[in-house]
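Coordinates in review
Single-letter residue listing:
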Amino acid sequence: MHTVIRFLKNWTLPVSMTMGALAYLIGRELPLSADSKASIVGGIETLQPLLLFVMLFVAFCKVSPKALKPRRWHVWLLLTQCLLFSVCCIVLWMYPDTDARLVIEGFMLAIICPTATACAVVTQKLGGDSATTTAYTIMINLAVAVIAPLMLPFAHPHEGLTFLPAFATIMKKVFPLLMLPLLLAWLVRYYMPRFHKAILATRDLAFYLWAIALSLAIAITVRALVHTTESMWHVAAIAGATLVACIFQFAFGKWVGSHYGYRMEGGQALGQKNTIFVIWLGYTFLSPITATAGGFYSVWHNVVNSWQLYKKRVEG
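As a starting point, this report considers the structure included with it.

Overview of a nonpolar patch on the surface
A surface patch of nonpolar side chains, about 690 Å² in accessible area, is lined by Met19, Leu22, Leu25, Ile26, Leu30, Leu32, Ile40 and Val226. Ranked by the residues each element gives to the nonpolar patch, the list is headed by helix 2 (residues 12-27), at four residues. You can see isoleucine 26 is positioned in helix 2. Judged by its relative accessible area of 53%, isoleucine 26 is exposed.

So this is what it looks like as structure tokens:
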């Protein structure tokens, strides 16, 4: 039993991803009615944001507000994400009928996707400065709320897609899952010190909550891939585009961060993404097939994180 527990602790992320995929594949074969399956999906969609909210609250309780200050490397990463996304949108505006549309859309979603809410958790697990990645998470989410509604009409123009409605739609998605747990954590820090101290005593609670949320995210991803009506060539092309985006962002983030003494933090801030958000962004503003970019990226960046955690554990 001790060996099993140690294995689960050491390989939490791969186990979570595997369990999520298997849970969906087994569940779809069970003799359940369509209404029952719809209820299960609805329950998962309700549970997932709640898990993320609690996870973020726990993580933010461990970060002092004074530590959330902008850094120079934050600016370079922000400019990189916004510029690459804007270039892709302009290319699609200039060549609306290009055969590479799905690949470009998948790539640009993987680029502009804001930093994962779990980034601070993984950064802390890797021994880095979680405050710097938390600060970047807040900044890039606010930047995406502005740049996405400004540029998406160029990439995918359709009637009714104007800045203010799109901005309001994105902020409704960003604010409850990012700003509310941050504000609540600060209130607890200053007005409920005993409760705050008890939260600080929980070492890996946020990490394991994220592992559960990851299983649910992978289950939803597999469901989307199973039900897609697009050809496997299109799906494979999007998978390839997101893989390139993932490798580039981890590498470039580490390169930029290394110039300021934050190599690992820079890689995590740029490479680890809020894939649930990008799936929603694809469905809401682009197309269902493009939304699979978030699912593929979820696999890629968690493979990278699993490898980094393994190296950290081996190196001691």
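Thoughts on the packing of aromatic side chains
As enumerated under the stated definition, the model contains seven aromatic pairs in all. Ring geometry for tryptophan 93 versus phenylalanine 154: centroids 5.8 Å apart, planes at 85 degrees, classification edge-to-face. On the criterion of sequence distance, the pair formed by tryptophan 93 in helix 4 (residues 72-94) and phenylalanine 154 in helix 7 (residues 130-155) is long-range, its members being 61 residues apart. Under the relative-accessibility criterion, tryptophan 93 is labelled exposed at 51%. When the ring of phenylalanine 252 is compared with that of tryptophan 255, the centres are 5.8 Å apart and the planes differ by 35 degrees; the resulting orientation is tilted. Pair noted here: phenylalanine 252 and tryptophan 255 are both in helix 11 (residues 232-258), with a separation of three residues, about one helical turn. Taking the relative accessible area as the measure of exposure, phenylalanine 252 reaches 22% and is therefore partly exposed. Chaining the aromatic ring pairs together yields one cluster made of Trp73, Tyr136 and Tyr262.

A short note on the state of the cysteines
Under the counting rule described, the total for this entry stands at zero disulfides. With no disulfide of its own, cysteine 246 lies closest to cysteine 113 among cysteine sulfurs, the gap being 11 Å.

What to know about the packing of helix 11 against helix 12 (residues 263-271)
Between helix 11 and helix 12, whose axes approach to 6 Å, the crossing angle comes to 145 degrees. As helix 11 runs across helix 12, the sense of the crossing is right-handed. Seen from helix 11, the contacting residues are Gln249, Phe250, Phe252, Gly253, Lys254, Gly257 and Ser258; seen from helix 12, they are Arg263, Gly266, Gly267, Gln268, Leu270 and Gly271. Class assignment for the residues of the contact of helix 11 with helix 12 results in three nonpolar, eight polar and two charged.

Remarks on the environment of cysteine 82
By the secondary structure assignment, cysteine 82 is in helix 4. In this structure the C-alpha to C-alpha distance between cysteine 82 and threonine 284, which are 202 residues apart in sequence, comes to 19 Å.

With respect to the nonpolar core
By size, the foremost hydrophobic cluster in this structure holds 38 residues, and its most contacted members are Met55, Phe57 and Trp210. Every element with two or more residues in this core is listed here: helix 2, helix 3 (34-61), helix 6 (119-125), helix 7, helix 8 (163-191) and helix 10 (205-227). In this structure phenylalanine 57 touches Pro181, Leu184, Ala185, Val188, Phe195 and Ile199, once residues within four positions along its chain are discounted. Counting residues in hydrophobic clusters, the runner-up holds 36 residues, among them Ala145, Ala155, Leu270 and Phe285.

Regarding the pattern of salt bridges
Using the criterion set out here, one finds one salt bridge in the structure. Among the salt bridges present, the one from glutamate 105 reaches arginine 101, with a minimum N-O distance of 2.8 Å. Here arginine 101 and glutamate 105 lie together in helix 5 (residues 101-112), a separation of four residues that amounts to about one turn. Each of the two residues, glutamate 105 as well as arginine 101, counts as buried.

Each value, and the rule that gives it
- Residues numbered from 1 in each chain as written.
- Predicted model: local features only at pLDDT ≥ 70, side-chain atom pairs only at ≥ 80, totals over all residues.
- Heavy atoms only, no water.
- Patch = residues over 30% accessible without salt bridge, like charges linked within 9 Å, V, L, I, M, F, W, Y side chains within 5 Å.
- Areas by Shrake-Rupley, 256 points an atom, 1.4 Å probe, with all protein chains shown as cover.
- Salt bridge = Lys/Arg side-chain N within 4 Å of Asp/Glu carboxyl O.
- Helix = DSSP H or I, 4+ residues; strand = E, 2+ residues; numbered from the N terminus.
- Buried < 20%, exposed > 50% of the residue type's maximum accessible area, 1.4 Å probe, protein only.
- Phe/Tyr/Trp six-rings, centres within 6.5 Å; stacked < 30°, edge-to-face > 60°.
- Disulfide = S-S within 2.5 Å.
- Axes fitted to C-alpha atoms, helices over the stretch in contact; angles between N-to-C directions.
- Left-handed = near helix turned anticlockwise from the far one by under 90°.
- Contact = heavy atoms within 4.5 Å.
- Nonpolar A, V, L, I, M, F, W, Y, C, P; charged D, E, K, R; others polar.
- Core = buried A, V, L, I, M, F, W, Y, C linked by side-chain atoms within 4.5 Å.

Functional significance is not addressed by these values, which are geometric in nature.
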